[in-house]
Amino acid sequence: MPPMGISPYIKEIGRGAQGARALSREQAADLLCRVLDGHCSDFEIGAFCVAMRIKGETPDEMAGFLDALNRRLTKLPASDRPVVVLPSYNGARKLPGLTALLALLLAREGLPVLVHGTPTEDTRVGTQAVLAALGVHPSAPHERIDNGRVHFVATERLHPGLKRLLDVRRAIGLRNPAHALVKLMNPVDGPALVVASYTHPEYAESMGATFQLTRTPAMLLRGTEGEPVADARRTPRMDVFTNGVARLVQEAQSGPLRTLPALPDTTSAAATADYIRDVMAGRTPPPEPIACQAEHIARACESIATENPLPFCPQQLAA
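## Quick word on the environment of cysteine 49
And then number 1: Summarising the element assignment, cysteine 49 is placed in helix H4 (residues 42-55).
And then number 2: With 35 residues separating them in the primary sequence, cysteine 49 and glycine 14 have C-alpha atoms 9.8 Å apart.
And then number 3: Ignoring anything within four residues of it in the chain, the contact list for cysteine 49 reads Leu165, Val168, Ile172, Arg175 and Asn176.

Right, dumping it as structure tokens:
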């Protein structure tokens, strides 16, 4: 392998949908290491993104990309309880973005919640804007999340190179592996549950296979416009992954709810925040699918805590 550049890998993955060859997990890790560390040109990065978009990522490749990323992420310290990780990168397009509502419902159950993300489309309203309207502002990645708190961390604080790779979409107009990686990664140095969403059924299979291969504790569902929160109008299928095993915890609802929730008629951050305040204050009931999702997440975190108890820390207890 050459000391610099990724051209040998591009020759393998850039032969089109039929002729491209899949990389091994180790090769994929080495490739992304070079990309994240700045050891390749902008032309090579563009070619990598286009080639992977045409070829598609295999679970082994995604696992290798995650291996490279995990060695470079600035991770948050472990919390007393498993951290719920909510990747928020799509934002609201037609429906109000209720990722922040899910986060607050989980925090009310005493769970530490991490929302991470960055705007990837200028025309959408991001969760960061909704959280800011609710008084939740960006935190540093080295801060430990207390039980019952919601933290938002910007992607560039986790890894600047990952943010730069996401931004390539603005130049070429196509998603690349980074857009899947941010939904699969665990930025916590300790027990956590990643809540991942997909927009098309084929992504459910590949994301699920990656969670099984990497043994990442996770929930996978078809979210709202790509966000990791259930559609407020219909309960989606939900699967939970622990120790490399998938378990169906919620069947998909065949039709809409009998009574649809009175959602805001705009996606603005201010209107969405006002609606969330009404739900949290009990003036408006939470949408049934989101309340159901929160219950399944809480149960999954209890299971993780039982299987992965945190070490006893007498200094912390004395404090």
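After that view, the rundown keeps rolling.
## A closer look at H4
And then number 1: Between its terminal C-alpha atoms H4 stretches 20 Å, which fits the 20 Å expected from 14 residues at 1.5 Å a residue.
And then number 2: Looking only at H4, the buried set comprises Glu44, Ile45, Gly46, Phe48, Cys49, Ala51, Met52 and Lys55.
And then number 3: Within two residues after H4, glycine 56 carries a phi angle of roughly 85°, on the positive side.

## Overview of the side chain of glutamate 225
And then number 1: Position of glutamate 225 relative to the elements: it lies in the loop between strand E7 (218-222) and strand E8 (238-242).
And then number 2: Among buried Asp, Glu, Lys and Arg side chains, glutamate 225 stands out as unpaired, with arginine 93 the closest opposite charge at 4.5 Å.
And then number 3: In terms of polar contacts, glutamate 225 uses its side chain to reach the backbone amide nitrogen of lysine 94, at 2.8 Å.
And then number 4: Within polar-contact distance, the side chain of glutamate 225 engages the backbone nitrogen of leucine 95 at 3.2 Å.
And then number 5: Residues contacting glutamate 225, with those up to four places away along its chain left out, are Asn90, Gly91, Ala92, Arg93, Lys94, Leu95 and Arg124.

## What about a nonpolar patch on the surface?
And then number 1: Taken together, the side chains of Val50, Ile54, Ile172 and Leu174 define a hydrophobic patch exposed on the protein surface, amounting to about 280 Å² of accessible area.
And then number 2: With respect to the helices and strands, the residue isoleucine 172 is situated in helix H9 (residues 160-172).
And then number 3: The class for isoleucine 172 is partly exposed, based on a relative accessible area of 34%.

## Focus on the pattern of salt bridges
And then number 1: For the structure shown, the criterion picks out 15 salt bridges.
And then number 2: Two residues, arginine 34 and aspartate 30, come together in a salt bridge whose shortest N-O distance is 2.9 Å. Of this pair, arginine 34 and aspartate 30 both sit in helix H3 (residues 25-36), four residues apart, which is roughly one turn of the helix.
And then number 3: Taking the relative accessible area as the measure of exposure, arginine 34 reaches 9% and is therefore buried.
And then number 4: Among the residues examined, aspartate 30 registers a relative accessible area of 23% and is labelled partly exposed.

## Concerning the sheet that holds strand E3 (residues 113-117)
And then number 1: Strand order across the open sheet formed by seven strands is E4-E3-E2-E6-E7-E8-E9, with mixed pairing between neighbours. Each of the sheet's edge strands pairs with one partner strand only, and the pair in question is strand E4 (150-154) and strand E9 (245-250). Here the strands of the sheet are splayed against their neighbours by 25° on average, with no regard to which way each runs.
And then number 2: Here five bridges tie strand E6 (residues 192-198) to E7, and the two strands are oriented parallel to one another. Each residue of the ladder has a partner; that of tyrosine 198, found in E7, is arginine 222.
And then number 3: Together, strand E2 (83-88), E3 and E6 form the strand contacts of helix H10 (residues 177-184), whose direction differs from that of E6 by roughly 140°.

## Quick look at the nonpolar core
And then number 1: One finds Val35, Phe48 and Met185 to be the most contacted residues of the largest nonpolar core, which totals 53 residues.
And then number 2: Per-element accounting of this core gives the leading share, seven residues, to H3.
And then number 3: Ignoring sequence-local partners within four residues, the contact set of valine 35 consists of Ile6, Cys40, Ile45, Phe48 and Leu165.
And then number 4: The next biggest cluster of nonpolar side chains, apart from the first, holds 40 residues, and it includes Ala107, Val136, Val195 and Ile290.

## Overview of the pairing of E9
And then number 1: As paired elements, E8 and E9 share five bridges and run antiparallel to each other. Within E9, the position partnered with valine 240 by the bridge is arginine 247.
And then number 2: The hairpin turn running from E8 into E9, its antiparallel successor, is two residues long, and asparagine 243 in that turn takes a positive phi close to 55°.

What counts and how
Residues numbered from 1 in each chain as written. Predicted model: local features only at pLDDT ≥ 70, side-chain atom pairs only at ≥ 80, totals over all residues. Heavy atoms only, no water. Helix = DSSP H or I, 4+ residues; strand = E, 2+ residues; numbered from the N terminus. Contact = heavy atoms within 4.5 Å. Expected span 1.5 Å × (residues − 1). Buried < 20%, exposed > 50% of the residue type's maximum accessible area, 1.4 Å probe, protein only. Lys, Arg positive; Asp, Glu negative; His and termini not counted. Salt bridge = Lys/Arg side-chain N within 4 Å of Asp/Glu carboxyl O. Polar contact = N/O pair within 3.5 Å; in protein donor to acceptor, adjacent residues only side chain to side chain. Patch = residues over 30% accessible without salt bridge, like charges linked within 9 Å, V, L, I, M, F, W, Y side chains within 5 Å. Areas by Shrake-Rupley, 256 points an atom, 1.4 Å probe, with all protein chains shown as cover. Pairing = 2+ DSSP bridges. Axes fitted to C-alpha atoms, helices over the stretch in contact; angles between N-to-C directions. Core = buried A, V, L, I, M, F, W, Y, C linked by side-chain atoms within 4.5 Å.

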